[in-house]
Amino acid sequence: LTHKTIKKVGEDIEIVGMNTAISALMIYINELPKDGALPRWFDEGLAMLVSFEWDWADNLAMSRAGTFHQFLELQEIEKMNRYGAAKAEIAYAQSYLAVDYFYREYGSKQVNRFLDVLKSGETLDSAFNASIGATYSEFENDFKNYLGERYNISSLFMDTIFFWIFLAFLVLVI
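Residues numbered from 1 in each chain as written. Predicted model: local features only at pLDDT ≥ 70, side-chain atom pairs only at ≥ 80, totals over all residues. Heavy atoms only, no water.

Trainee: Looking at this structure, how should I read the overall build of the protein?
Mentor: Counting its regular elements, the protein contains 9 helices and 0 strands. Counting from the amino terminus, helix and strand elements in the protein follow one another as α-α-α-α-α-α-α-α-α. Looking at the protein residue by residue over its 174 residues, the buried ones come to 37%. (Helix = DSSP H or I, 4+ residues; strand = E, 2+ residues; numbered from the N terminus. Buried < 20%, exposed > 50% of the residue type's maximum accessible area, 1.4 Å probe, protein only.)

Trainee: Just to check I follow, could you spell out the confidence of the model for the protein for this structure?
Mentor: The predicted coordinates ought not to be read in detail in places where the model reports low pLDDT. For the protein, per-residue confidence averages 79 on the pLDDT scale, and residues scoring 70 or more make up 71% of the total. Summarising per-element confidence for the protein, the mean pLDDT is lowest in helix α1 (residues 2-31) (56) and highest in helix α6 (residues 124-132) (95). (pLDDT = per-residue confidence, 0-100.)

Trainee: When you look at the nonpolar core in this model, what are you seeing that I'm missing?
Mentor: Side chains of a nonpolar character, in soluble globular proteins, are inclined to be buried together. By size, the foremost hydrophobic cluster in this structure holds 39 residues, and its most contacted members are W41 and F42. Here this core takes 10 residues from helix α4 (residues 85-106), the largest share from any one element. (Core = buried A, V, L, I, M, F, W, Y, C linked by side-chain atoms within 4.5 Å.)

Trainee: Looking at this structure, I do not really get helix α2 (residues 40-50). What am I missing?
Mentor: Since the α-helix packs 3.6 residues into each turn, any two residues three or four apart lie on the same face. Burial runs high along α2: 9 of the 11 residues are buried. Taken together, the buried positions of α2 are R40, W41, F42, E44, G45, L46, M48, L49 and V50. Positive backbone phi, approximately 55°, marks F52, located one or two places after α2.

Trainee: Where do I start with the packing of aromatic side chains in this structure?
Mentor: The geometry of an aromatic ring pair comes down to the distance between the two centres and the angle between the two planes. In this structure the tally under the stated criterion is 20 aromatic pairs. Seen in terms of ring centroids, F102 and F139 are 5.3 Å apart; in terms of plane orientation they differ by 50°. Their pairing is tilted. Of this pair, F102 sits in helix α4 while F139 sits in helix α7 (residues 136-150), placing them 37 residues apart in sequence. Residue classification places F102 among the buried positions, given a relative accessible area of 0%. (Phe/Tyr/Trp six-rings, centres within 6.5 Å; stacked < 30°, edge-to-face > 60°.)

Trainee: Whenever I open this one, the packing of α4 against helix α5 (residues 108-119) confuses me. Can you help?
Mentor: Angle between the axes and distance between the axes are the two parameters that describe a pair of packed helices. It is the contact of α4 with α5, at a shortest axis distance of 6 Å, that shows an interaxial angle of 120°. Of the possible angle classes, the one that applies to α4 and α5 is oblique. Of the residues in α5, those touching α4 at F102, Y103 and Y106 are S108, Q110, V111 and F114. Across the contact of α4 with α5, the residue classes tally to 5 nonpolar, 2 polar and no charged. (Axes fitted to C-alpha atoms, helices over the stretch in contact; angles between N-to-C directions. Parallel < 35°, antiparallel > 145°, perpendicular 65-115°, else oblique. Contact = heavy atoms within 4.5 Å. Nonpolar A, V, L, I, M, F, W, Y, C, P; charged D, E, K, R; others polar.)

Trainee: What is the right way to read the pattern of salt bridges from this model?
Mentor: Side chains that differ in charge, positive against negative, can pair when their charged atoms come close. A complete count under the given rule lists 5 salt bridges for this structure. The partner of R40 in a salt bridge is E44, with the nearest N and O atoms 3.1 Å apart. Of this pair, R40 and E44 are both found in helix α2, 4 residues apart, which corresponds to roughly one turn of the helix. We note a salt bridge from D100 to R104, for which the minimum N-O separation is 2.8 Å. Within this pair, D100 and its partner R104 are both found in helix α4, separated by 4 residues, close to a single helical turn. Judged by relative accessible area, D100 falls into the buried class, the value being 10%. (Salt bridge = Lys/Arg side-chain N within 4 Å of Asp/Glu carboxyl O.)

Trainee: Got a minute to help me understand unusual backbone geometry in this structure?
Mentor: The phi torsion of most residues other than glycine is negative, and most of the peptide bonds are trans. With phi around 55°, F52 is a residue other than glycine that occupies positive phi space. Considering the arrangement of structural elements, one finds F52 in the loop between α2 and α3 (56-67). Positive phi, close to 55°, is recorded for H69, a residue that is not glycine. Assignment of secondary structure puts H69 in the loop between α3 and α4.

Trainee: Mind showing me how you'd approach the side chain of S131 here?
Mentor: Structurally, the position occupied by S131 is in helix α6. Residue S131 is classed as buried on the basis of its relative accessible area, which comes to 4%. Setting aside residues up to four positions removed in sequence, S131 forms contacts with F102, Q110, R113 and F114.

Trainee: How should a nonpolar patch on the surface be read in this particular structure?
Mentor: A grouping of L167, F169, L170, V171, V173 and I174 is seen on the molecular surface, where their side chains present a nonpolar patch of about 620 Å² in accessible area. Take I174: it is sitting in the segment after α9 (161-173). (Patch = residues over 30% accessible without salt bridge, like charges linked within 9 Å, V, L, I, M, F, W, Y side chains within 5 Å. Areas by Shrake-Rupley, 256 points an atom, 1.4 Å probe, with all protein chains shown as cover.)

Dropping the structure here:
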C-alpha cells in the first residue's frame, strides 16, 4: 500500500506540474497581441511540446514527408485548417519539431526573448533577429536543413514494416 500510495502521489504531482506549466504558458500566450503576432506553427508546436504529444505516427509522417520532399514552409502552416488529414498531420508534426528545434538549438532564454519581442509588437524578423541573430527566413532554412538530415528515406525505412521485412529477408538468405 505504501509503495502504491507513493507512486500515485508522484504521478499526481507530475500531472499537476504539467497542468501548471501548460496553464502558465497559455496565460502568457493569451497576453500576446491578437493580430497574429505569434505564428501558428509556434502556437501549435509549443502546445504539442508541453503536452508531450509526439508519437511514432508523427515520426513516420515526417519521414514520409522528407522522403517525398513534402516539408511545408512554416508560413504555410497558417492555413492548416484547410488541409486534408495527411497534410495536417505533417503540419502539426512539423510545428512541434520547429519549436523543439528552436529550444534545443538556441535554448529557453532565446525562445523567451523571441516571445518578449513579439509581445512588444515587433515583427517576426525582428523577434528572430533579437533572439538568435538571424532572420525568419534564415531560421527556417536552418530548420529545413535539420529536417532533411533527420527525416529521409533511411528514417522512413527504419520506422516502418519495410525494415522488418528486409531484416527477415536477410535472415532467410543468410
